[in-house]
Amino acid sequence: MTGASATTLQLPLLPLKNVVLFPHMIVPLYVGRERSIAALEEAMMHGKQVFLCTQRRADCEDPQEADLYRVGVLGEVVQMLKLPDNTIKVLIEGSSRALIERFVEVKPHLKVEVALLDEEVQPSSELEALMRGVVDLFDRYVELDKKVPPEVNLTVRGVEDAGRMADIVASNLNIGVTDKQDVLETFQMDARLEKLSTVLQREIEIRDMDRSIRQRVRQQIDRRQKEFYLKEQMRVIQEELGGEEAQLSELDELREKLRALELAEALEDRLLKDVDRLERMPPGSPEISVLHNYLDLVVSLPWHERSEDVTDLRAAEAVLDEDHHGLKKVKERILEFLAVRQLTKSPKGPILCFIGPPGVGKTSLGRSIARALGRKFVRVSLGGVSDEAEIRGHRRTYVGSMPGRIIKGLREAGTRNPVFLLDEVDKMSSDFRGDPASAMLEVLDPEQNKHFSDHYLEIPFDLSEVLFITTANVYYSIPRALLDRMEVINLPGYTTEEKMVIAREFLIPKQLTDHGLTDKNIEITRPAVSTMINRYTSEAGVRNLERSIAGVCRKVAREVVSGRTRRMTIAPHRLDDLLGPPKFKPDEGHKESLIGVANGLAWTEVGGVLLTIEVITMPGKGNLNLTGQLGDVMQESARAALSYARSNAQALGIPVDFRDKLDLHIHIPKGAIPKDGPSAGISMALAIVSALAQRPIRSDVALTGEITLRGRVLPIGGLKEKVLAAHRIGIQTIVLPADNQPDVVDIPVDIRKRLTFKFVNTMDEVIAEALLPKSEAAVSAELTEPSAIQEPAAADGN
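Being a predicted model, the structure only gives us computed values, none of them experimental.

Engineer: So what exactly am I meant to see when it comes to the sheet that holds strand β10 (residues 467-472) here?
Structural biologist: Adjacent strands of a sheet form backbone hydrogen bonds with each other and so pair up, either parallel or antiparallel. With respect to topology, five strands assemble into an open sheet ordered β8-β9-β10-β7-β11, the strand pairing being parallel. With partners counted over all chains shown, the strands left at the sheet margins are β8 (377-381) and β11 (487-490), one partner each. Strand-to-strand twist in this sheet, taken as the mean axis angle between neighbours without regard to direction, amounts to 20 degrees. Looking at chain direction, strand β9 (residues 419-423) and β10 are connected through four bridges and run parallel.

Here is the structure:
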């Protein structure tokens, strides 16, 4: 039985830091706190007795009631010595456990009323077994912990009292204060011994593990010392033979670089074995260069190096505006990435895909983004790539093997978070050597590229911090799975007004600098720039415009160098002499309203174009003739339009029996250019109805939209480019599918204000908007020649 006795004492309290005093234990203490010194002085004046208990927190310099454990030990001051630094060294022996009943005083020192705890142990076989178990475990502990004197073990074996034996064992264990206090507060003897057994077992396991680790470390050190000794012997022998000292020092340097990479232990061991294998290879072995190049690649990759992103959003925005005009969506996306990066501190980079016609600045925009973010820039052109190894590298078993373009690009960048531009991603192809587009799936997947595996490197490399930007001209040639992994941003063609701003603010200053000219030598007027835009180029971008400006600058530079002129003002009439005759004639469409002639709109890789759709009737037996190099989809749209006209002939004022008497010929001029897509459906249907009903079509109206057999008008793509093409020609009214009404916001505001949009759901609404009443003055369609001398690319009506 164990419990509190009726005897209570009022004693000064001495708080202990990081020490738990047990009964029958003598400890030296250094006392420096004023209240503790006062407590000792009172103890010396009243029987040398003091109560000692442990603080809950060692960093508490002025402990109060809540900062102290309630159970402690009644102690007696055996010896006290004042030191020169005003501290006291005291030797105290614990006598018995005691429990704090209440705090009597807090000043000038802590004084408490404690109740002594009596221990009455009933001998039993279970208690004897617990005691023997604790003694055996303590023997094992003493063997493992050399800090415990061996004579303590003899003392424990000679103690027959269970309580005293447990206290001696607990006081000599190298365990935490909490565990010791827990043993001190366990009054039931069986429970105390069980708890002590648990603590001993845990400490023995820890020390067994620690000894095992030490042995492994010692063996490894011995092995390295042996290797070092043998290598030194080899170095001396090689020096005597006329030596390879330089090579050995290079290999040692390679080892240090590999260890500095802080790779996983298994990878580091494998690479160090490769260095050892390289060292043992005989001179002249063909494998030396292969292995050496591989190890050089490993140590040159940026495993941990990264560049700090620009945190000033205004500075980044200024850089983007300085390099490119317009492109609002792209700039907003980059600034959003910077803002999110600052809030989340996540290094994960987005994967963007810029899709747009040539010359709109996709590639240069990637370089500008890198400058705005303060990152390194890497560009890899994928046009014509058909080998998977170009992306993932070759395996080292092949002669002439090398890493893929991704790893080589990162090595050139020198950081693990560059802006990585994958140019012309839509121009990749596949053959018997593999499909590079499928290899790109791992590179451009945020969930997979954290462990990108290059066949040559054979070590996973983290690409998640790289800001990947891909560029393409069209959607349809990009594999669907690859497109799904990217955030697509469309870069439409520039308007005439935007080209004027770009030319005057960017292109002309750049070309003047490149050709060594200044404003004192040349002045290119606004009308001259407008003429170059409209008569010398026909493009969505500004690449040919820049070439035209460069051509003018070259001519002026020659004149300046030859001394024939000091300054030249470039007006429109001088462009014929400088650039030759205009390459493009303005496409003004047709001025008068014609029967069977409709203005369709199409999208091409270089922007929007006007499609003149012509339909004529002739005596025949209902045949349909399609010319103008129409694709399968456009031919199907023509047949659907004819079926709609036949099924609604009476309502449209068309002879019901026209199929038995007339043939139809549908032609779209500029026959050398392939055309396809469903968006010319309503234009062809309107031209067919016009030709059969002999009603003219308004010449100031352009149309685009897909038609169904029931006459419904479906939405189309490329709306902005098509509307810009109509505006460029001078058409003021555009008929659009009603479902495309939300897309009108992408059209520049100044152009929207000059145009009238008619949104339709059915062909009846199209006819009401674009078809004029029957008139004797109406002119039938005539086949016309193409108005442009040169046309860029194939039209896609979708």
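More follows now that the structure is in view.
Engineer: What is the right way to read the packing of aromatic side chains from this model?
Structural biologist: The description of two aromatic rings rests on the distance between their centres and on the angle between their planes. Counted under the stated rule, the structure contains five aromatic pairs. Between the aromatic rings of Phe757 and Phe759, the centroid separation amounts to 6.3 Å while the plane-to-plane angle is 25 degrees, which identifies the pairing as stacked. For Phe757, a relative accessible area of 17% gives the class buried. According to the relative accessible area criterion, Phe759 is partly exposed, its value standing at 26%.

Engineer: Teacher, can you tell me more about a nonpolar patch on the surface here?
Structural biologist: Taken together, the side chains of Met209, Ile213, Val217 and Ile221 make up a nonpolar region of the molecular surface, amounting to roughly 350 Å² of accessible area. Tracing the backbone through its elements, the reader meets Val217 in helix α6 (residues 189-241).

Engineer: Mind showing me how you'd approach the state of the cysteines here?
Structural biologist: Tallied over the full model, the rule gives zero disulfides. Here Cys60 stays unpaired: no disulfide links it, and the sulfur of Cys53, its closest cysteine neighbor, is 12 Å away.

Engineer: Teacher, can you tell me more about the packing of helix α11 (residues 328-344) against helix α12 (residues 362-373) here?
Structural biologist: Think of two packed helices as two axes; the pair is described by the angle between the axes and how far apart they sit. Closest axis-to-axis distance for the α11/α12 pair is 11 Å, and the angle between their directions is 30 degrees. Considering the angle they form, α11 stands roughly parallel to α12. The way α11 lies across α12 gives a crossing that is right-handed. Taking contact as the criterion, the partners of Val330, Ile334, Phe337 and Leu338 in α11 are, on α12, Leu365, Ile369 and Leu373. Its residues assigned to classes, the contact of α11 with α12 comprises seven nonpolar, no polar and no charged.

Engineer: Please explain the pairing of strand β18 (residues 662-667) as it appears in this structure.
Structural biologist: Put simply, side chains in a regular strand alternate between the two faces of the sheet. β18 sits mainly inside the fold: five of its six residues count as buried. Bridge analysis of strand β17 (residues 624-627) against β18 gives four bridges, and the strand direction is parallel. Residue Thr627 lies in a different strand from β18, and its bridge partner there is His667.

Engineer: Looking at this structure, how should I read the pairing of strand β24 (residues 733-737)?
Structural biologist: Most of β24 sits inside the fold, with five of its five residues counted as buried. Across three bridges, strand β21 (residues 701-703) lies against β24 in parallel orientation. Opposite Leu703, over in β24, you have Val735 as the bridge partner. Two elements, β24 and strand β25 (residues 756-760), share five bridges in a ladder whose sense is parallel. Bridging across to β25, Pro737 finds its partner in Val760.

Engineer: What exactly am I supposed to notice about the side chain of Ser548 here?
Structural biologist: Here Ser548 lies in helix α19 (residues 543-562). Filtering out sequence-adjacent residues up to four positions away, Ser548 remains in contact with Met532, Tyr536, Thr537 and Leu579.

Engineer: How should the environment of Val290 be read in this particular structure?
Structural biologist: Locating Val290 in the fold gives a position in helix α9 (residues 287-300). When its relative accessible area of 33% is taken as the criterion, Val290 is described as partly exposed. Along the sequence, Val290 and Gly400 sit 110 residues apart, while their C-alpha atoms lie 8.4 Å from each other. When sequence neighbours within four positions are dropped, the list of residues in contact with Val290 reads Arg396 and Tyr456.

Engineer: Looking at this structure, how should I read the packing of helix α10 (residues 313-323) against α12?
Structural biologist: Interaxial distance between α10 and α12 falls to 8 Å at its minimum, and their mutual angle equals 155 degrees. Relative to α12, the element α10 lies roughly antiparallel. The handedness of the crossing between α10 and α12 is right-handed. Taken together, the residues of α12 that come into contact with α10 (itself represented by Ala316, Val319, Leu320, Glu322 and Asp323) are Ser368, Ile369, Arg371 and Ala372. Classifying every residue of the contact of α10 with α12 gives five nonpolar, one polar and three charged.

Engineer: Before we go on, may I ask you to explain the pattern of salt bridges in this structure?
Structural biologist: Where charged atoms of side chains with opposite charge meet at close range, the side chains can pair. On inspection of all chains with the given rule, the structure shows 44 salt bridges. Of the charged contacts, one joins Arg132 and Glu128 as a salt bridge, the two residues approaching to 3.2 Å between their closest N and O atoms. Separated by four residues within a single helix, Arg132 and Glu128 lie in helix α2 (residues 125-144), roughly one turn from each other. For the salt bridge of Arg564 with Glu559, the shortest nitrogen-to-oxygen distance reads 3.1 Å. Given the relative accessible area of 54%, Arg564 is considered exposed. In the salt-bridge network here, residues are joined through shared partners; they are Arg306, Arg416, Lys450, Asp462 and Glu465.

Engineer: Whenever I open this one, the environment of Arg33 confuses me. Can you help?
Structural biologist: Structurally, the position occupied by Arg33 is in the loop between β2 (26-31) and α1 (34-45). The exposure class of Arg33 is buried, given its relative accessible area of 18%. The spatial distance from the C-alpha of Arg33 to the C-alpha of Thr87 is 8.1 Å, given a sequence separation of 54 residues. In this structure Arg33 touches Pro15, Lys17, Gln55, Cys60, Glu61 and Pro63, once residues within four positions along its chain are discounted. Of note is the side chain of Arg33, whose polar atom sits 3.3 Å from the backbone oxygen of Cys60. One polar contact links the side chain of Arg33 to the main-chain carbonyl oxygen of Glu61, over a distance of 3.4 Å.

What counts as what
- Residues numbered from 1 in each chain as written.
- Predicted model: local features only at pLDDT ≥ 70, side-chain atom pairs only at ≥ 80, totals over all residues.
- Heavy atoms only, no water.
- Pairing = 2+ DSSP bridges.
- Helix = DSSP H or I, 4+ residues; strand = E, 2+ residues; numbered from the N terminus.
- Axes fitted to C-alpha atoms, helices over the stretch in contact; angles between N-to-C directions.
- Phe/Tyr/Trp six-rings, centres within 6.5 Å; stacked < 30°, edge-to-face > 60°.
- Buried < 20%, exposed > 50% of the residue type's maximum accessible area, 1.4 Å probe, protein only.
- Patch = residues over 30% accessible without salt bridge, like charges linked within 9 Å, V, L, I, M, F, W, Y side chains within 5 Å.
- Areas by Shrake-Rupley, 256 points an atom, 1.4 Å probe, with all protein chains shown as cover.
- Salt bridge = Lys/Arg side-chain N within 4 Å of Asp/Glu carboxyl O.
- Disulfide = S-S within 2.5 Å.
- Parallel < 35°, antiparallel > 145°, perpendicular 65-115°, else oblique.
- Left-handed = near helix turned anticlockwise from the far one by under 90°.
- Contact = heavy atoms within 4.5 Å.
- Nonpolar A, V, L, I, M, F, W, Y, C, P; charged D, E, K, R; others polar.
- Polar contact = N/O pair within 3.5 Å; in protein donor to acceptor, adjacent residues only side chain to side chain.

Note that every value here comes from positions in space, so none of it alone points to a role or purpose.
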